[in-house]
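# Chain and residue survey
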Number of protein chains: 2
Amino acid sequence: MQTLNVDLGERSYPIHIGPGLLEQPERLRAAIPGNSAVVVTNETVAPLYRDRLDAALEGLQVATVTLGDGERFKTMETVGRILDVLVEGRFDRRTTVIALGGGVVGDIAGFAAAIYQRGVHFIQVPTTLLAQVDSSVGGKTGVNHPGGKNLIGAFHQPRCVIADTDTLDTLDDRQLSAGLAEVIKYGLILDLGFLDWLEANMAGLRGRDAALLTEAIERSCRIKADVVARDERETGMRALLNLGHTFGHAIETATGYGTWLHGEAIGAGMCMAADLSHRQGWIHHADFERVERVMRAAGLPTEAPETLTAERFFELMQIDKKVVDGRLRLVLLERLGHAVVTRDFDPALLDQTLQAYCGPR
Amino acid sequence: MQTLNVDLGERSYPIHIGPGLLEQPERLRAAIPGNSAVVVTNETVAPLYRDRLDAALEGLQVATVTLGDGERFKTMETVGRILDVLVEGRFDRRTTVIALGGGVVGDIAGFAAAIYQRGVHFIQVPTTLLAQVDSSVGGKTGVNHPGGKNLIGAFHQPRCVIADTDTLDTLDDRQLSAGLAEVIKYGLILDLGFLDWLEANMAGLRGRDAALLTEAIERSCRIKADVVARDERETGMRALLNLGHTFGHAIETATGYGTWLHGEAIGAGMCMAADLSHRQGWIHHADFERVERVMRAAGLPTEAPETLTAERFFELMQIDKKVVDGRLRLVLLERLGHAVVTRDFDPALLDQTLQAYCGPR
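What this report covers is the structure whose coordinates are included nearby. Here the structure is a predicted model, which is why all the values come from computation and not from measurement.

Now for the interface of chain A and chain B. Across the boundary between the two partners, chain A contributes 33 residues, which contact 33 residues of chain B. At the level of elements, α3 (76–88), α4 (103–115), β7 (140–145), β8 (148–155) and β10 (323–324) of chain A are the ones that each hand at least two residues to the side of chain A that touches chain B. Top contributing element to the side of chain A that touches chain B by residue count: β8 of chain A, with 6 residues.

Helix packing for two helices is described by the angle between their axes and how far apart those axes are. Residue and element names in this part refer to chain B. The contact between helix α6 (residues 173–190) and helix α8 (residues 210–230) brings their axes to 10 Å, and the two run at 50°. Judged by the angle between their axes, α6 and α8 are oblique. The chirality of how α6 crosses α8 is left-handed. Contact with α6, carried on its side by Glu182, Val183, Tyr186 and Leu190, involves Ala216, Ser220, Ile223 and Lys224 of α8 and no other residues of that element.

This part takes up the environment of Leu240 of chain B. With respect to the helices and strands, the residue Leu240 of chain B is situated in the loop between α8 and α9 (245–255). Excluding residues within four positions of it along the chain, Leu240 of chain B makes contact with Ile189, Leu190, Val227, Val331, Ala339 and Val341 of chain B.

This next bit is on the sheet that holds strand β9 (residues 160–164) of chain A. Residues and elements named next belong to chain A. If you walk across this open sheet you meet the 7 strands as β1-β2-β9-β6-β5-β3-β4, and the pairing is mixed. Both edges of this open sheet fall to β1 (2–6) and β4 (61–67), since each of them pairs with a single strand only. Shown here is a sheet whose adjacent strand axes are inclined to one another by a mean of 15°, direction ignored. Direction of pairing for strand β6 (residues 121–126) relative to β9: parallel, over a ladder of 2 bridges. Bridge pairing in β9 links Ile123 to Cys160. Across the sheet, α4 is in contact with β3 (36–42), β4, β5 (96–101) and β6; its angle to β5 comes to roughly 170°.

A word on unusual backbone geometry. The backbone phi angle of Asn150 of chain A is positive, close to 55°, even though this residue is not glycine. Among the secondary structure elements, Asn150 of chain A is positioned in strand β8.

Moving on, we get to the relation of the copies chain A and chain B. With an RMSD of 0.0 Å, chain A superimposes on chain B once it is rotated by 180° and translated 0.0 Å along the axis. Expressed as a symmetry operation, the mapping of one chain copy onto the other fits a two-fold axis. Of all interface residues in chain A, 100% are interface residues in chain B too; the two copies therefore contact each other through one and the same surface.

About the thresholds
Residues numbered from 1 in each chain as written. Chains lettered and ligands numbered in written order. Predicted model: local features only at pLDDT ≥ 70, side-chain atom pairs only at ≥ 80, totals over all residues. Contact = placed C-beta atoms within 7 Å. Helix = DSSP H or I, 4+ residues; strand = E, 2+ residues; numbered from the N terminus. Axes fitted to C-alpha atoms, helices over the stretch in contact; angles between N-to-C directions. Parallel < 35°, antiparallel > 145°, perpendicular 65-115°, else oblique. Left-handed = near helix turned anticlockwise from the far one by under 90°. Pairing = 2+ DSSP bridges. Least-squares fit on C-alpha atoms with pLDDT ≥ 70 in both.

Below is the structure:
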């Protein structure tokens, strides 16, 4: 097992990564300070792993909230359901909310934990690759609004993250690819050596080689933990983690949350960001092709949905949280392995990118 | 004008107190960093003061959300209305939410500011005595749940507080008395000299002597700011500020939010806390009588509602946020001017207090 520490002063917390962690009830139990816990999970994950949690929670006051599976449940209404369970069960402010599932479960449960009694304890037990490398690190929680993704939320750091790599064995191929999108992202924005390693090992990763997956998760979490430690509230470099996200969120909003998986939308979004970076003259055409190639190797889409026009796409980008004082900021590639957050791109070139990726083609 | 600084490191902020502050548009404008603002107010306050804000906001992108007046609007649904306006107007993360009104408006608006895009700027313009001395200082925001008061919320500090004492001229007597309840509280928990001063000047305060009100607000804010600076997240001494609140919240929940004003419920609650403190042998009977007398002098109730039984009262106290690991904590008076947070009270004596205050009498 590997343990990383996310260094956030008094909000620091450990991320444990490795096989068989859910078979060790004492690990979870040690992270629960009070005498009660509320497990938030979904209908897909609950039958697979809930019994393992139950062993760890024996003797505590426990309630479980089982959500539907998918991004479409990531709403204030779902948060309200969890809050109702917390209030009705009279869970006090020392209770711990445990998220057992993927990124959607973690975002919803974390937000409920953030706003119940102005904040109760929170533990992440991520069961998808995407959640293990991305959403369980860094404290962003929240839900979607009909007008845009993740528009409602809070920063709320977990007490610990337990990433059991065995849970990836039950993940379907599409979900695994979606997780790899975020893994590739870390290479593209900050670590060219990691990108090289991913290209060399993509077949093994998709074949679920346990050692390779463990290494990919650990390197990803290390990069993200380092970024978050330097910029918890995203006033600066943390925004680099949004490579492909402004494009990707537009795709998700346009197609309805959940039609495209988040990682799939981000994969296509990173291709679009690379395309614009190339049009700006920042990266070579060969670099852009390399980005497309690694996405394809990971099983990810490299094009926007055909139904989306450039005009509509641009409109959807405006509601993104990266808009500041009415000006769109984008994460682009100055070179492979080195992203920048910038408002200094040519709007005409952005339009060219949107025209190239959007229908009718 | 007096300016106090609430010392919270990078979240520090000033509280400006005095007459005529709303006539100085540059004061508000200087505290707004972006180029947009959303004013949250209510139907009672809007006609009185909104035009003064409009002058200060000229040239910015502005939207106004006018709520119904009263505690019954302090719900997630109301927060949802504000979030809808923020999303639909495409207000970005540099926008500022301005609360113009009493404590209810401030709590709701502050919570919306806390969770929109994981936190945007927030300014408080409190227009009631209670909001000026209590809810606008310290960063607590939130809404009620059908199962209990303030159960959903967040800590979110304002950028500044502008307390214009002229706004108290339009306050009705009952609201003024409710505000005095929190003012008296500061004397009871931490400053016997302030309690003496309040007793000596109660007639003038209720007669709205401007100089006396300004002094009362300033001394109250100074005590609260000092407590909050030492314990922002209420892990320790900040809980002292809840004197009378566990009793008072039970009254508010039982009678339906808004039937009793918050300050009225807290006034009766402080009498009950004093009663229990006396039964514990911590304060003399004369001290208890002095507490009742100052509440009466301020125009506050000193008894619980007749419809509430001791059993139901006790039940309602259990859902309070001060319950930790199933054990009720109360703020009691070790002596006048010195409160303590304790679990070490005799449950039989608490029952005696509840029997004494609850019906049938």
